[in-house]
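These are the residues of each chain, in order.
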Amino acid sequence: AVYTQGDYEGWKQFIKDNKLGFMNVANQYGRSDYREKYNVLTTPEIFILDNKKIIRFKKVAIDNVPGIVEYLMNEQEEAAPKK
C-alpha cells in the first residue's frame, strides 16, 4: 500500500492497530513519480505483485483479489520442483 496523505503518525498507528501484514510505504515528501510511472489517476488502486515483486495485475477490482491470489498461488505451486 502507498500512503499519499499527510498524517504519517496516524497512518503508522493505523498499520500497527490493524496488524497490516503487507508492505506499506509512503510518499511522505511528495517526491515520488508513482502517479506517472504506474498510471495512478485515483486512489486507492490495487496492484498485485508476485513473490519476486513483479507487478502481475494492475487496477484490480476488490472482488477479483481472492481469485487472482488463488491463481498466483496455484501457478507458484505448479512451478515448484516435484519431490
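Residues numbered from 1 in each chain as written. Predicted model: local features only at pLDDT ≥ 70, side-chain atom pairs only at ≥ 80, totals over all residues. Heavy atoms only, no water.

Here we come to the overall build of the protein. Looking only at helices and strands, one finds three helices and four strands in the protein. Reading the protein from its N terminus to its C terminus gives the helix and strand order β-α-β-α-β-β-α. Relative to the globule expectation of 12 Å for 83 residues, the C-alpha radius of gyration of the protein, 15 Å, shows a markedly less compact shape. Considered along the principal axes of its C-alpha atoms, the protein spans approximately 50 × 30 × 25 Å. Across the 83 residues in the protein, those meeting the buried criterion constitute 16%. Put simply, 13% of the contacts in the protein that link residues at least 6 apart link residues at least 24 apart. Looking at the protein as shown, the accessible area adds up to about 7200 Å², and 54% of this sits on carbon and sulfur atoms. In the protein, 13 side chains carry a positive charge and 12 a negative one; their mean positions are 6 Å apart. (Helix = DSSP H or I, 4+ residues; strand = E, 2+ residues; numbered from the N terminus. Rg over C-alpha atoms; globule rule 2.2 N^0.38 Å. Buried < 20%, exposed > 50% of the residue type's maximum accessible area, 1.4 Å probe, protein only. Contact = heavy atoms within 4.5 Å. Areas by Shrake-Rupley, 256 points an atom, 1.4 Å probe, with all protein chains shown as cover. Lys, Arg positive; Asp, Glu negative; His and termini not counted. Charge placed at Lys NZ, Arg CZ, Asp CG, Glu CD.)

Turning to the packing of aromatic side chains, a few remarks are in order. Enumeration over the complete set of coordinates arrives at three aromatic pairs. Considering the side-chain rings of Tyr3 and Tyr8, the 5.6 Å spacing of their centres and the 80 degrees angle between planes classify their relative orientation as edge-to-face. Comparing Tyr3 with Tyr8, the two get one shared label, buried. Ring centres of Tyr3 and Trp11 lie 5.3 Å apart, and the angle between their planes is 15 degrees; this geometry places the pair in the stacked category. For Tyr3, a relative accessible area of 16% translates into the label buried. (Phe/Tyr/Trp six-rings, centres within 6.5 Å; stacked < 30°, edge-to-face > 60°.)

Turning our eyes to something else, we now look at the layout of surface pockets. Estimates place the volume of the largest pocket at around 1200 Å³. Looking at the largest pocket, it is lined by 32 residues, and the ones nearest its centre are Ala1, Val2, Met23, Phe47 and Leu49. Residue assignment for the lining of the largest pocket shows that the elements contributing at least two residues are strand E1 (2–3), helix H1 (8–17), strand E2 (25–26), strand E3 (48–49) and helix H3 (65–79). In terms of residue count, H1 provides more of the lining of the largest pocket than any other element does, three residues in total. Of the residues assigned to the lining of the largest pocket, the class counts are 23 nonpolar, six polar and three charged. Forming the boundary of the second largest pocket are Leu49, Asp50, Asn51, Lys52, Arg56, Leu72, Met73, Glu75, Gln76 and Ala79. With five residues, the top contributor of residues to the lining of the second largest pocket is H3. Grouping the constituent residues of the lining of the second largest pocket by class yields four nonpolar, two polar and four charged. (1 Å grid on protein atoms, 1.4 Å probe; cavity = no way out; pocket = protein on both sides within 12 Å on 5 of 7 lines; lining within 4 Å. Points joined across faces, edges and corners; volume = space filled by probe spheres on them. Nonpolar A, V, L, I, M, F, W, Y, C, P; charged D, E, K, R; others polar.)

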